[in-house]
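Examining the three-dimensional arrangement
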Amino acid sequence: THVLPMAPPARLKYLSLGILVLQTTSLVLTMRYSRTLKEDGPRYLASSAVVSAEMLKIVACIFLVFRDNTFNFRALNYVLREEIVNKPTETLKLAIPSGIYTFQNNLLYVALTNLDAATYQVTYQLKILTTALFSVSMLGKRLGKYQWLSLLILMAGIALVQWPVEVPGTSEQTKPLASSQLVGVLAVLAACCSSGFAGVYFEKILKETPQSVWVRNIQLGLFGLIFGLMVVFVNDGETVRESSMFQGYNGLTWTVVLLQAFGGLVVAAVMKYADNILKGFAASFSIILSCVISYLWLDDFDPNSLFFLGTVLVIAATFLYGFEETANASGSPQGA
Ligand code: C5P
């Protein structure tokens, strides 16, 4: 009896985390590439890509609900009607995280238009801090002393990564803290706040109500579609009227859209089978992977020793935070 096969939830937990690492890395790199590639025509609208991803996510979730109901159309129809149309207050609860996620998804395009992939990812780890603060204030969660310590280390690491460096012997045009860099950093910081709040809010809804995660995601997606279209019209209304919402789309754009939609599903699965903290681990692994890829193949960034030290601190802080979390959750460290 001591060689038990791994229970499906544990397998799903590590599977969903592994997929999240690959998804995060490929999304960050392709999004950055798609925003910086020199193109002849106009570039695709980021706001429109957010809407497309939202649409794909809804279709995928409807399919998943369909599959959960043994591919029976009547059952699917019944679930959608009962859970979504006939429960407007339940559905409305999702308007808040959905509006925030839409805003956040638009911000991420702004961030990756202005920052290299590695700097973006390390800075975005500050969402561990915001997630922790919202968990403490909204869920009444308590943090251990090593977790508070790890949050301080996290902030120090991110400050180092962002530290403006002057390269000796080069002219003033080398890497001044350009205004685009500032725009990028502000976008990431705002995205960290929204990620922390929306993540905690969504996890609370998932854990307090019986609806399946895919039904919840359809509700999230429906509002996402509405909010996303509002951003398109407010931000890019003129362009859309003059040409089309899909101007400048190419294969690369669709790859980014697919990866983003798929990412939403993986994030939801991680929240279900694992939790927000383990999600932080996945992001740390992904940082290592994308730094190596950016450095070796993409020529997208040139790390200095402060960047390196900062990244090491951020990754160490992630593990320190997660270690105590695991120990608390299971009562003893070896029970994890
Ligand atoms: O960076 P963060 O971990 O906050 O990523 C959240 C991303 O996952 C957002 O792009 C959001 O649209 C998506 N998401 C989703 N469905 C959920 C939770 C998050 O699509 N249930």
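Residues numbered from 1 in each chain as written. Predicted model: local features only at pLDDT ≥ 70, side-chain atom pairs only at ≥ 80, totals over all residues. Heavy atoms only, no water.

The line we're drawing: UniProt positions are given in the numbering used here, feature names are shortened, and annotations may be inferred rather than shown by experiment.
The name given to the protein chain in an unreviewed UniProt entry is UDP-N-acetylglucosamine transporter, with Coilia grayii as the source organism. UniProt's Subcellular location (unreviewed entry) comment on the protein chain is quoted here verbatim: "Golgi apparatus membrane".

Focus on the overall build of the protein chain
Heads up, the condition is: Under the scheme used here, helices are H or I runs from DSSP no shorter than 4 residues and strands are E runs no shorter than 2 residues, and both carry numbers assigned from the N terminus. Remark: exposure states derive from per-residue accessible area (1.4 Å probe, protein chains only) relative to the maximum for the residue type, with buried under 20%, exposed over 50%, and partly exposed in between. Between two residues, a contact is recorded if the distance between any of their heavy atoms is within 4.5 Å. Throughout, the Shrake-Rupley method with a 1.4 Å probe supplies accessible areas, and for residues the shown protein chains are the sole cover considered.
When its secondary structure is counted, the protein chain shows 13 helices and zero strands. Ordered by position from N to C terminus, the α and β elements of the protein chain give α-α-α-α-α-α-α-α-α-α-α-α-α. With 336 residues in all, the protein chain has 48% of them scored as buried. Residue pairs in contact within the protein chain that sit at least 24 positions apart in sequence constitute 85% of those at least 6 positions apart. When the accessible surface of the protein chain is split by element, carbon and sulfur atoms take 67% of a total near 17,300 Å².

As for the site of the ligand
Our working definition: We call a residue near a molecule or strand when any one of its heavy atoms sits within 4 Å of it. Pairs of N or O atoms are called polar contacts if they sit within 3.5 Å, as long as, within protein, a hydrogen donor faces a hydrogen acceptor (for residues adjacent in sequence, only side-chain-to-side-chain pairs). A cavity here means a set of points on a 1 Å grid, drawn over the protein atoms and nothing else, where a 1.4 Å probe fits but cannot get out; a pocket is an open set with protein on both sides within 12 Å along at least five of seven lines, and a residue lines either one if it has an atom within 4 Å of a point. Each molecule is assigned to a cavity or pocket provided more than half of its atoms lie within 2 Å of the corresponding grid points. Note that Gly is not counted as nonpolar here; it falls among the polar residues with everything else outside the nonpolar set of Ala, Val, Leu, Ile, Met, Phe, Trp, Tyr, Cys and Pro and the charged set of Asp, Glu, Lys and Arg.
Residues in contact with the ligand amount to 14 residues; listed here are only the nearest, Lys57, Asn105, Tyr124, Ser195 and Asn217. Take Lys279: an N or O atom from its side chain is 3.0 Å from an oxygen atom of the ligand. If the ligand stood free it would expose 470 Å²; the protein chains cover 93% of that surface. If you map the ligand onto the pockets, it falls in the largest cavity. When residues of the shell around the ligand are traced back to their parent elements, those giving at least two are helix 5 (95–114), helix 9 (179–208), helix 10 (213–242) and helix 11 (251–273). Of the residues that constitute the shell around the ligand, the class distribution is six nonpolar, five polar and three charged.

A word on the side chain of Gln23
Counting through the fold element by element, Gln23 comes out in helix 1 (residues 8–36). Dropping the residues within four chain positions of it, Gln23 is found in contact with Leu259, Phe262 and Gly263.

A short note on the UniProt feature "transmembrane region" (unreviewed entry) in the protein chain
Here the UniProt feature "transmembrane region" (unreviewed entry) sits at residues 14–33, 45–66, 148–165, 177–202, 214–234, 254–274, 281–298 and 304–323. The distance separating the terminal C-alpha atoms of residues 14–33 is 29 Å; by composition the span is 100% helix and 0% strand. In residues 304–323, helix accounts for 95% and strand for 0%; the two terminal C-alpha atoms are 29 Å from one another.

Regarding the environment of Leu265
Position of Leu265 relative to the elements: it lies in helix 11. The sequence separation of Leu265 and Ser16 amounts to 249 residues, and the corresponding C-alpha distance is 9.8 Å. The contact partners of Leu265, leaving out residues within four places of it in the chain, are Lys57, Ala60, Cys61, Leu64, Trp214 and Asn217.

Considerations on the pattern of salt bridges
The test is simple: Any Lys or Arg side-chain nitrogen found within 4 Å of a carboxyl oxygen on Asp or Glu counts as a salt bridge.
According to the stated counting rule, one finds seven salt bridges in the structure shown. Note that Glu39 is salt-bridged to Arg43, the shortest N-O span being 3.4 Å. For Glu39, a relative accessible area of 29% gives the class partly exposed. Across the pair Asp68 and Arg67 runs a salt bridge, and its minimum N-O distance is 3.4 Å. Look at Asp68 and you get partly exposed, because its relative accessible area is 44%. Salt bridges here are not isolated pairs; linked through shared partners, they connect Glu90, Lys93 and Arg216.

As for the packing of aromatic side chains
Remark: the centre distance and the inter-plane angle together describe each pair of aromatic rings, the angle taken between the planes. What counts here: Two rings from Phe, Tyr or Trp (for Trp, the six-membered ring) form a pair when their centres sit within 6.5 Å of each other. Planes less than 30 degrees apart are called stacked, planes more than 60 degrees apart edge-to-face, and all others tilted.
Summed over all chains, the structure comprises 12 aromatic pairs. Plain terms: the ring middles of Tyr44 and Tyr109 are 6.3 Å apart, the flat faces sit at 80° to each other, and that makes the pair edge-to-face. In this pair, Tyr44 sits in the loop between helix 1 and helix 2 (46–68) while Tyr109 sits in helix 5, placing the two residues 65 residues apart along the sequence. Of the two residues, Tyr44 and Tyr109, neither departs from the other in class, the shared state being buried.

Side note on the nonpolar core
Where we set the bar: Nonpolar cores were defined as sets of buried Ala, Val, Leu, Ile, Met, Phe, Trp, Tyr and Cys residues, with membership established by side-chain atoms within 4.5 Å.
Formed by 45 residues in total, the largest nonpolar core has its most connected members in Tyr109, Tyr120, Tyr124, Leu151, Leu154 and Val188. Those residues in contact with Tyr120 that sit more than four places away from it in its chain are Val28, Leu108, Ala111, Leu112, Leu115 and Val188.

Quick look at the packing of helix 7 (residues 127–139) against helix 9
To be explicit about the condition: Angles shown run from 0 to 180 degrees and are taken between the N-to-C directions of axes, each axis being a line fitted to C-alpha atoms and, for helices, limited to the stretch in contact. By the definition adopted for this analysis, an angle is roughly parallel if under 35 degrees, roughly antiparallel if over 145, roughly perpendicular if from 65 to 115, and oblique otherwise. For a crossing to be left-handed, the near helix must be turned anticlockwise from the far one by less than a right angle; the clockwise case is right-handed.
Following both chains from N to C, one finds helix 7 and helix 9 inclined at 45°, their axes separated by 8 Å at the closest point. Compared by their axis directions, helix 7 and helix 9 come out oblique. Crossing hand, helix 7 versus helix 9: right-handed. Along its contact with helix 7, which presents Lys127, Thr130, Thr131, Phe134, Ser135, Met138 and Leu139, the element helix 9 presents Cys192, Cys193, Ser195, Gly196, Phe197, Val200, Tyr201 and Lys204. Across the contact of helix 7 with helix 9, the residue classes break down as eight nonpolar, five polar and two charged.

Side note on empty space enclosed by the protein
This is how the line gets drawn: Grid points are joined across faces, edges and corners, and a volume is the space filled by probe spheres set on the points.
Under the definition given, this model contains two cavities of 30 Å³ or more. Reported here for the largest cavity is a volume of approximately 680 Å³. Lining of the largest cavity is provided by 37 residues; of these, Gln104, Asn105, Tyr124, Gly263 and Val267 occupy positions nearest its centre. If you list the elements that add at least two residues to the lining of the largest cavity, you get helix 1, helix 2, helix 5, helix 6 (117–124), helix 9, helix 10, helix 11 and helix 12 (276–298). Its residues assigned to classes, the lining of the largest cavity comprises 18 nonpolar, 15 polar and four charged.

Observations concerning the environment of Gln23
On the basis of relative accessibility, which here comes to 7%, the residue Gln23 falls in the buried class. At 3.0 Å, the side chain of Gln23 forms a polar contact with the backbone oxygen of Leu259.

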